[in-house]
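Structural overview
Spelled out, the chains give:
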Amino acid sequence: MNYQVPPSGNVHQMPPDQVAFHRTELQVILSLYGRFVAAGEWRDYGISCLREVAVFSVFRRTAETPLYRIEKRPRLRDKQGMYAVLGMDGQIMRRGHDLKTVLRVLERKLIRAVE
């Protein structure tokens, strides 16, 4: 892999950093993921760290499309909030500034009536 160092005078041409989840964010997400795995709802996950977005995808089976995607977009921090939960069809289920409140939309699906 070749990486060329840009000239020191031109800082604007440096490649943008990669967006990733912080350890505390992953702890919240994996805690929710573990509860769904224990309930038998989810079986696999995938993490993608791209230039503008970090995505945590949740799968029912490995070969399927993701059931939900939890996205982190730092550019939207001051506008709509940098966290979002998207459904299977790409529709935004919830967006906000706090990860725990955004993930509540998924926690509701875990609560079931006990017979």
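Residues numbered from 1 in each chain as written. Predicted model: local features only at pLDDT ≥ 70, side-chain atom pairs only at ≥ 80, totals over all residues. Heavy atoms only, no water.

In the annotation of an unreviewed UniProt entry, the entry for the protein chain reads DUF2794 domain-containing protein, and the organism field reads Roseobacter ponti.

Glancing now at the overall build of the protein chain. Across its full length, the protein chain carries two helices and five strands. In sequence order, the protein chain lays out its α and β elements as α-β-β-β-β-β-α. Looking at the protein chain residue by residue over its 115 residues, the buried ones come to 30%. By sequence separation, contacts in the protein chain at least 24 residues apart represent 31% of the contacts at least 6 residues apart. On the protein chain, roughly 8400 Å² of surface is accessible, and the fraction owed to carbon and sulfur atoms is 50%. (Helix = DSSP H or I, 4+ residues; strand = E, 2+ residues; numbered from the N terminus. Buried < 20%, exposed > 50% of the residue type's maximum accessible area, 1.4 Å probe, protein only. Contact = heavy atoms within 4.5 Å. Areas by Shrake-Rupley, 256 points an atom, 1.4 Å probe, with all protein chains shown as cover.)

Locating His22 in the fold gives a position in the segment before helix H1 (23-38). The partly exposed category is assigned to His22, whose relative accessible area is 49%. Reaching out from His22, the side chain makes a polar contact with the side chain of Thr24 at a distance of 3.1 Å. (Polar contact = N/O pair within 3.5 Å; in protein donor to acceptor, adjacent residues only side chain to side chain.)

Once that is clear, we can look at the environment of Lys100. Relative to the helices and strands, Lys100 is located in helix H2 (residues 99-110). When its relative accessible area of 53% is taken as the criterion, Lys100 is described as exposed. For the pair Lys100 and Glu25, spaced 75 residues apart in sequence, the C-alpha to C-alpha distance is 8.9 Å.

In this section: the pattern of salt bridges. Tallying each qualifying case throughout the model produces six salt bridges. Across the pair Arg35 and Glu107 runs a salt bridge whose closest N-O atoms are separated by 3.5 Å. Taken as a pair, Arg35 in helix H1 and Glu107 in helix H2 lie far apart in primary sequence, 72 residues in all. A salt bridge links Glu71 to Arg73; the shortest N-O distance between them is 3.2 Å. By relative accessible area, Glu71 is classed as buried at 8%. Salt bridges sharing partners connect three or more residues here, namely Arg69, Glu71 and Arg73. (Salt bridge = Lys/Arg side-chain N within 4 Å of Asp/Glu carboxyl O.)

Moving on, we come to the packing of aromatic side chains. Overall, the coordinates contain six aromatic pairs when judged by the stated rule. On the numbers, 6.1 Å between centres and 50 degrees between planes, the contact of Trp42 with Tyr68 is tilted. Note that Trp42 is positioned in the loop between H1 and strand S1 (44-49) and Tyr68 in strand S3 (residues 68-72), a separation of 26 residues in sequence. Each member of the pair, Trp42 as well as Tyr68, is classed as buried. For the ring pair Tyr45 and Phe56, a centre distance of 5.0 Å and an interplane angle of 10 degrees mean the geometry is stacked. Of this pair, Tyr45 sits in strand S1 while Phe56 sits in strand S2 (residues 54-59), and the two are eleven residues apart along the sequence. On the accessibility criterion, Tyr45 (37% relative accessible area) is partly exposed. Here a set of aromatic residues connected by ring pairs shows up, and it is made of Tyr33, Phe36, Trp42, Tyr45, Phe56 and Tyr68. (Phe/Tyr/Trp six-rings, centres within 6.5 Å; stacked < 30°, edge-to-face > 60°.)

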